[in-house]
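Take a look at the letters that make up each chain.
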Amino acid sequence: MIKVEYLSNNKKYLINIIKILKKWNNKSFNEKDITIIATENNKFIGFYQIKEHDNDNTSYSPWLANVFIVPQKRKMGYSRQLLQTVPDILKDQRYNTIYLHTKLTDYYEKFGWKILCPYEKNDGIKRNIYIFKIKGS
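Values in this document were obtained by computation on a predicted structure and should not be read as measured data. (Residues numbered from 1 in each chain as written. Predicted model: local features only at pLDDT ≥ 70, side-chain atom pairs only at ≥ 80, totals over all residues. Heavy atoms only, no water.)

1. Observations concerning helix H1 (residues 14-23)
Condition: Exposure is judged per residue with a 1.4 Å probe applied to protein chains only, and the accessible area is read against the type maximum: over 50% gives exposed, under 20% gives buried, and values in between give partly exposed. Here a helix means four or more residues in a row that DSSP labels H or I, a strand means two or more in a row labelled E, and each is numbered from the N terminus. What the arc covers is the set of directions going from the helix axis to the C-beta atoms. Contacts are residue-level and defined by heavy atoms, with any inter-residue pair within 4.5 Å sufficient.
Residues of H1 that are buried include every one of Leu-14, Ile-17, Ile-20 and Leu-21, and no others. One side of H1 holds all its buried residues, which, seen down the axis, span an arc of 125°. Residues of H1 that are exposed and angled more than 90 degrees away from the buried face: Ile-15, Lys-19, Lys-22 and Lys-23. Residues of H1 that are buried in the fold lie against strand E2 (34-40), strand E3 (43-51) and strand E4 (63-69). Asn-25 occupies a position one or two residues after H1 and carries a positive phi of about 60°.

2. Topic: the environment of Ser-61
Stated formally: Whenever a nitrogen or oxygen atom comes within 3.5 Å of another N or O atom, the pair is scored as a polar contact, on the condition that within protein one atom can donate a hydrogen and the other can accept it, and that pairs from neighbouring residues in sequence are kept only if both atoms are in side chains.
Within the secondary structure, Ser-61 is located in the loop between E3 and E4. The partly exposed category is assigned to Ser-61, whose relative accessible area is 33%. In the structure, Ser-61 is positioned 39 residues away from Leu-100 in sequence and 9.3 Å away in space, judged by C-alpha atoms. When near neighbours in sequence (up to four residues on either side) are disregarded, Ser-61 contacts Glu-52, His-53 and Tyr-99. Reaching out from Ser-61, the side chain makes a polar contact with the backbone oxygen of Glu-52 at a distance of 2.7 Å.

3. Considerations on unusual backbone geometry
The linkage connecting Ser-61 with the following residue, Pro-62, adopts the cis geometry, with an omega of -5°. Mapping Pro-62 onto the fold places it in the loop between E3 and E4. Unlike most non-glycine residues, Asn-41 shows phi in positive territory, near 50°. Mapping Asn-41 onto the fold places it in the loop between E2 and E3. Judged by its relative accessible area of 69%, Asn-41 falls in the exposed class. In this structure, Asn-42 takes a positive phi of about 60° despite not being glycine. With respect to the helices, strands and loops of the structure, Asn-42 is situated in the loop between E2 and E3. Taking relative accessible area as the criterion, Asn-42 reaches 61% and is therefore assigned exposed.

4. Here's the deal with the pattern of salt bridges
For clarity, the threshold we go by: For salt bridges, the criterion is a side-chain nitrogen of Lys or Arg within 4 Å of an Asp or Glu carboxyl oxygen.
Per the counting criterion, the structure on display carries 3 salt bridges. Lys-11 is paired through a salt bridge with Glu-31; the nearest N and O atoms lie 3.9 Å apart. One end of the pair, Lys-11, is in the loop between strand E1 (3-6) and H1; the other, Glu-31, is in the loop between H1 and E2, and 20 residues separate them in sequence. Classification of Lys-11 by relative accessible area gives partly exposed; the value is 48%. Of the charged contacts, one joins Asp-33 and Lys-51 as a salt bridge, the two residues approaching to 2.8 Å between their closest N and O atoms. Here the residue Asp-33 occupies a position in the loop between H1 and E2, and Lys-51 occupies one in strand E3, the gap between them amounting to 18 residues. No difference in accessibility class separates Asp-33 from Lys-51, as the two residues are buried.

5. Comments concerning the side chain of Thr-35
Within the secondary structure, Thr-35 sits in strand E2. On the accessibility criterion, Thr-35 (4% relative accessible area) is buried. One polar contact links Thr-35 to Gln-49, side chain to side chain, over a distance of 3.0 Å. Beyond its immediate chain neighbours, meaning those up to four positions away, Thr-35 contacts Glu-5, Tyr-6, Leu-7, Ile-17, Phe-29, Phe-47, Tyr-48 and Gln-49.

Structure representation (C-alpha cells):
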C-alpha cells in the first residue's frame, strides 16, 4: 500500500520531482502548486500536482496536472491508488471541482471524470478537457 502526502510535509523528494519535470517537456517546479507524492517503503513512487492553470488558455481552475509514476512501477496499479486520493485532497483544499486536459481516453472516466469539451493547444494535438466534481457539491 502506498503512502500519500503533501510534498510540503516531506520535501525529501523535491529534487526527484524537479528532475522529472525538467525532463518532461522542460517543465519547472512552482512552489505555489500543490504537489501530492506517493511513496512505498520510503521509496518515491510518483506524484501529481494541483495547479491554478496548466498551460491552458481557459478560465477553468484548478487543474490536475503532471500525474507521474516512476517507469519501473507503471502498470502495477499505483496510478489508480494515487488518483483515488484526488477527492480527499480537493476537500482538504476546499475545492469541489477540478479540471484536466489529456490525450488519454477511457482512463480518467474510471475515476469519475467526465469529458467537458474538446481542447486543442497550440501544438495541434487534440485533447479533451475533463471535469471532476466532488459528490454532493
